[in-house]
Amino acid sequence: MNSRLVLCFHGIGAPPHCKDEVERQHWCPVPEFVAILDGIPRVSAETGTPIDITFDDGFASDFEVAAPLLQARGMTATFFVCAGLLGEPGRLSADQVRRLRDAGMSIGSHGWAHTNWRTMGDERALHQEVVQARDVLSQTLGGAPVDSVALPYGGYDRRVVHAATRTFSKVYTSDPGLASPHADLIPRETYLSHRWRADTLQRLASPRPVWKTLRQSLVNLYKRHRQPLVAA
């Protein structure tokens, strides 16, 4: 089984006016998103790398903009939703989450309130982010299991890894690189408007130099074994 390229998007289209400049860079203009979608089959065939699509944060544009473009191409994606923000202005509603699922999309957890889990000193707060968020999403989906999570802000350490892997079968990070079939922490390449070029998708789906892969592996190993940022 080949390694996979997992793309991570946030909002699609025009970002809300309240977003600061850093957050706005994560929003993908519709024409560029369309070009990426249309390029995926060709790039995947040329490189031999399967390409998956994910969305973080649960913005309303996931349902209003991204999903119709995916459906028009017979494509699916995984949407990682913040359970505690459902129905907030600019966010997905519970009904929209169900309709995404009914359209063949996968739903995963992105925690409760989009808080970095490394900052959760109170075990009750971490439990809400990990377990309660999963349970609320499952209830929203009529009891369907929610077995995947995208770590908010990509933040993790040994305590976060333990909490996430004992609760979910698939744990997605924000680390760059291709995802090995047997990895318990799944890296993703995050869309950033100022870094995306016409050849970016081809480059990301192509094998990395060995030295670059090894360097990233060492960084990831350090992150997963480091001390928690806040003591429980």
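Attention here is on the structure that accompanies the text. (Residues numbered from 1 in each chain as written. Predicted model: local features only at pLDDT ≥ 70, side-chain atom pairs only at ≥ 80, totals over all residues. Heavy atoms only, no water.)

1. Considering helix H2 (residues 30-47)
Applicable threshold: The way it works is that DSSP assigns letters per residue, a run of H or I at least four long becomes a helix, a run of E at least two long becomes a strand, and they are numbered from the N terminus. The span one expects for a helix is its residue count, reduced by one, times 1.5 Å. Given a residue, its bend is the angle between the two axes fitted to the seven residues that end at it and to the seven that start from it. Think of it in three bands: with a 1.4 Å probe and only protein chains considered, a residue is buried below 20% of the maximum accessible area for its type, exposed above 50%, and partly exposed in between. We call two residues in contact when some of their heavy atoms are within 4.5 Å.
With 18 residues, H2 should reach 26 Å at 1.5 Å per residue; the first-to-last C-alpha distance of 25 Å fits that figure. Most pronounced at Ile-40, the bend in H2 amounts to some 40 degrees, and the proline Pro-41 follows within four residues. Taken as a whole, H2 has its buried residues at Phe-33, Ile-36, Leu-37, Gly-39, Ile-40 and Val-43. As for H2, its buried residues are in contact with strand E1 (5-9), strand E2 (51-55), helix H3 (61-72) and helix H7 (200-205). Phi turns positive one or two residues past the end of H2, at Gly-48, with a value near 75 degrees.

2. Brief notes about the packing of aromatic side chains
Rules: By convention, a stacked pair of Phe, Tyr or Trp rings (six-membered ring in the case of Trp) has centres within 6.5 Å and planes under 30 degrees apart, an edge-to-face pair has planes over 60 apart, and any other such pair is tilted.
Enumeration over the complete set of coordinates arrives at 8 aromatic pairs. Ring centres 5.1 Å apart and planes at 45 degrees place the aromatic pair Trp-27 and Phe-59 in the tilted group. Here Trp-27 is found in the loop between helix H1 (21-24) and H2, whereas its partner Phe-59 is found in the loop between E2 and H3, with 32 residues between them in sequence. Pair check on accessibility: Trp-27 and Phe-59 agree, each one buried. Seen in terms of ring centroids, Phe-33 and Phe-55 are 6.0 Å apart; in terms of plane orientation they differ by 65 degrees. Their pairing is edge-to-face. A residue pair is termed long-range when its members are at least 10 positions apart, and Phe-33 in helix H2 and Phe-55 in strand E2 qualify at 22 residues. Under the relative-accessibility criterion, Phe-33 is labelled buried at 0%. The buried category is assigned to Phe-55, whose relative accessible area is 0%.

3. Let's talk about the environment of Ala-83
Mapped onto the fold, Ala-83 is located in the loop between strand E3 (78-81) and helix H4 (94-102). For the pair Ala-83 and Gly-11, spaced 72 residues apart in sequence, the C-alpha to C-alpha distance is 17 Å. When neighbours within four sequence positions are excluded, Ala-83 is seen to be in contact with Gly-111, Trp-112, Ala-133, Val-136 and Leu-137.

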